[in-house]
Amino acid sequence: MSKLTAIVATMLMVVITVVPLASDDSDATDSTRFSDSYILQTTYKWADGTVVRNDCLYYKESNTEAIAAFEKCIEDRAGTLPADDSKTLKAGEMVRIYYATKSIAVEVPITVRTAGGTEDKSQMFTGLVYPYPPGMFVKAGDSFTIQITKAVDNYGKDVICYVNDGGVIYDLSEPYTKTMKTTSEFKFDTDSPSGADGRFYIDIEYEASGFSVPSGSAALFAGICAAVTIAIFCILAYAGMKPKWAK
Amino acid sequence: MNLKSLIKAVFEPTISEDRPAPEKDEDGKPLDREEAGTWCETGYSATDEEAHRDVSYSIKSPLHQTLEVFMVQMKLFSKMKWTYILLFTALLIPIIALAAPDFIELMSTFGYGGDYSTTRIAGLLFFLPLMLGLMTSIMCGTQMPSEFKERTAYMNIPLPMSRASFFFGKYLAGFVMCLGIFMFAYSMAIATALKDYDTIFPDLVSSSMILTMVGVLAYSATAYCIGCFTKKGSSIFPFALMSFIIPLIIVIVCSQTDNYSLTLLPMFLGEAALGILGGTMSGSAGMVVLSSMDLTATWLMVAIGIAWTAAFLALGYFRTLRREMRCRN
């Protein structure tokens, strides 16, 4: 029995020890798209007039193709935002309005210019997509380095990326290195949009090293844990059935 | 030797005996019953083998005694309603994640990580540090006191069995039961995360599981030891001590001195198990120091946890060894 126990225990330990070797750390020069804003939406019956604010995107409800393309682009973080219908809106048309903001609890201004002057049609929007800031998974003990070489929003404006490390601000256009004491996702901040402009997405190019990507089998680990659990509860059931051990 | 006989050999070992060769006559044939037996006058006869004459018996090995106590305690656990309540608690992980995804979404706004599989697993095991204290206290805190309270110790200890086997067998059962429940919780959390992710960081999950195992070891040893020193036993006191009182004192000391070395103590093993997965929050008192813990020193935490376990088990054993078996009625 001692031999069998030793073999089973050794095999289990080997599995637990060797499997982690399958994981590899990744160093990369790469680019990604992210959003630092909540994307809100509402529907609005367009009054006579023209669009004043250009920090929203306006799609006619009948323009389902553009709406679908916009939402897919936002969801997939890929593709190019389709041109909106803000120039061709007519009174009485139902319009889908999208707005990007760093705070979800805001009343989004809809300002319309008519012959009688500028009218405020502000209303609350509902959230469509939450911010999806870029994250790089860094394990405890790893030394992580990043430099952002380019950051441009969907309006073509440069975006400043920085990290607040214990109260000290580091501009990520310069190389930033940190040895992590805890396993965490490295995230950075961006400057606030100018004025009331929301940003639907930001494209960045960066050089980074020391972060990791998952590569192990989750099913294998779930199986190992389940096997240990089953073995223990088999012993429990065996002990429960055997009258010899009853008090 | 097949598997069945191997298992039987462990749980039902044959009694060791030193049997002499059967007596034989001049022709080499075994002596018949009338010659070998001593009950001729009464009409009863038996061979030496049948009468167990000249067979010397010895008490079972310490390992077997420990296993016997272990199985007795496991049987008691199989009758305990808490075993199944705690199992159901672990089963709640996939139930909540699948039946109430909005709740999970809500938790994400409070720091519940979900961008990577491991942070999702850490989020699903949000209450692991708290449950570590609660479950080990329930399973191990009252084991020894209930033996004396129910008077079963007065039957068990006089058996041909060492007190070490009695002490460690019961502890082993408590540890194994708690381990089973936590492994169940891990399997549920990983399986739930499988819904959204196919891959994980195996080294991080392994480290987290090892930290949890050592946590179970240390917490259950502490609860078991405290139980050895009390008459009635308590599930609440070891829980409060390990999950609230000591961690809060350490948190205050660490924040005052700005030195977080004390977070290497076993009271923070649960938080470390979540932190190594990338968790930023935990449902426990140690949550406030989670971001300040040095998770590069996990092996030191494991070593301290094992040393803590050994110390508390030694203390509990010392107390059990010196315990008088007199009834003071």
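Structure: above.
Keep in mind that this is a model prediction, so the values were computed, not measured.

**Notes on the environment of Thr89 of chain B**
Residues and elements named next belong to chain B.
Next up, step 1: Inspection of the secondary structure puts Thr89 in helix α5 (residues 81-99).
Next up, step 2: Residue class for Thr89 comes out partly exposed when judged on its relative accessible area of 26%.
Next up, step 3: Along the primary structure Thr89 and Ala185 are separated by 96 residues, whereas in three dimensions their C-alpha atoms are 8.4 Å apart.

**Observations regarding the pairing of strand β8 (residues 117-120) of chain A**
Residue and element names in this part refer to chain A.
Next up, step 1: Relative to β8, strand β7 (residues 111-114) runs antiparallel, the two sharing 4 bridges. Bridge pairing in β8 places Thr114 opposite Gly117.
Next up, step 2: Linkage of β7 to β8, two consecutive antiparallel strands, is achieved through a turn of 2 residues.

**Concerning the side chain of Thr119 of chain B**
Next up, step 1: By secondary structure assignment, the location of Thr119 of chain B is in helix α7 (residues 117-124).
Next up, step 2: Among the polar contacts listed, one links the side chain of Thr119 of chain B to the backbone oxygen of Tyr116 of chain B, at a separation of 2.8 Å.

**A word on the sheet that holds β8 of chain A**
In sheet architecture, strand pairing relies on hydrogen bonds along the backbone and comes in two forms, parallel and antiparallel.
All names here are of chain A.
Next up, step 1: Strand order across the open sheet formed by 3 strands is β3-β7-β8, with antiparallel pairing between neighbours. Looking at the sheet topology across the chains shown, the edges are occupied by β3 (50-51) and β8.
Next up, step 2: Bridge count between β3 and β7: 2 bridges; the pairing is antiparallel. Note that in β7 the partner of Val51 across the bridge is Val112.

**A word on the sheet that holds strand β13 (residues 161-165) of chain A**
All names here are of chain A.
Next up, step 1: With respect to topology, 3 strands assemble into an open sheet ordered β14-β13-β17, the strand pairing being antiparallel. Each of the sheet's edge strands pairs with one partner strand only, and the pair in question is β14 (168-171) and β17 (189-190).
Next up, step 2: Sheet topology note: the β13/β14 ladder contains 4 bridges and is antiparallel. For Tyr162, the partnering residue across the bridge sits in β14 and is Asp171.

What counts, and where the lines are drawn
- One numbering rule holds for all chains: residues counted from 1, following each sequence as written.
- All chains are assigned letters beginning at A, and all ligands numbers beginning at 1, according to the order in which they are written.
- Thresholds applied to this predicted model are a pLDDT of at least 70 for local features of residues and 80 or more for the giving and counting of side-chain atom pairs; totals over whole chains, interfaces and linings are not thresholded and use all residues.
- Values shown for side chains rest on all heavy atoms present in the structure; no hydrogens or waters enter the calculation.
- Secondary structure elements are defined from DSSP: runs of H or I of at least 4 residues count as helices, runs of E of at least 2 residues count as strands, and each element is numbered from the N terminus.
- Buried residues are those whose accessible area, probed at 1.4 Å on protein chains only, stays under 20% of the maximum for their type, while exposed residues exceed 50% and partly exposed ones sit between those limits.
- Whether two strands pair depends on DSSP finding at least two bridges between them.
- We call two N or O atoms a polar contact when they sit within 3.5 Å, provided that within protein one can donate a hydrogen and the other can accept it, with sequence-adjacent residues counted only if both atoms are side-chain atoms.

Nothing here speaks to function; it is geometry throughout.
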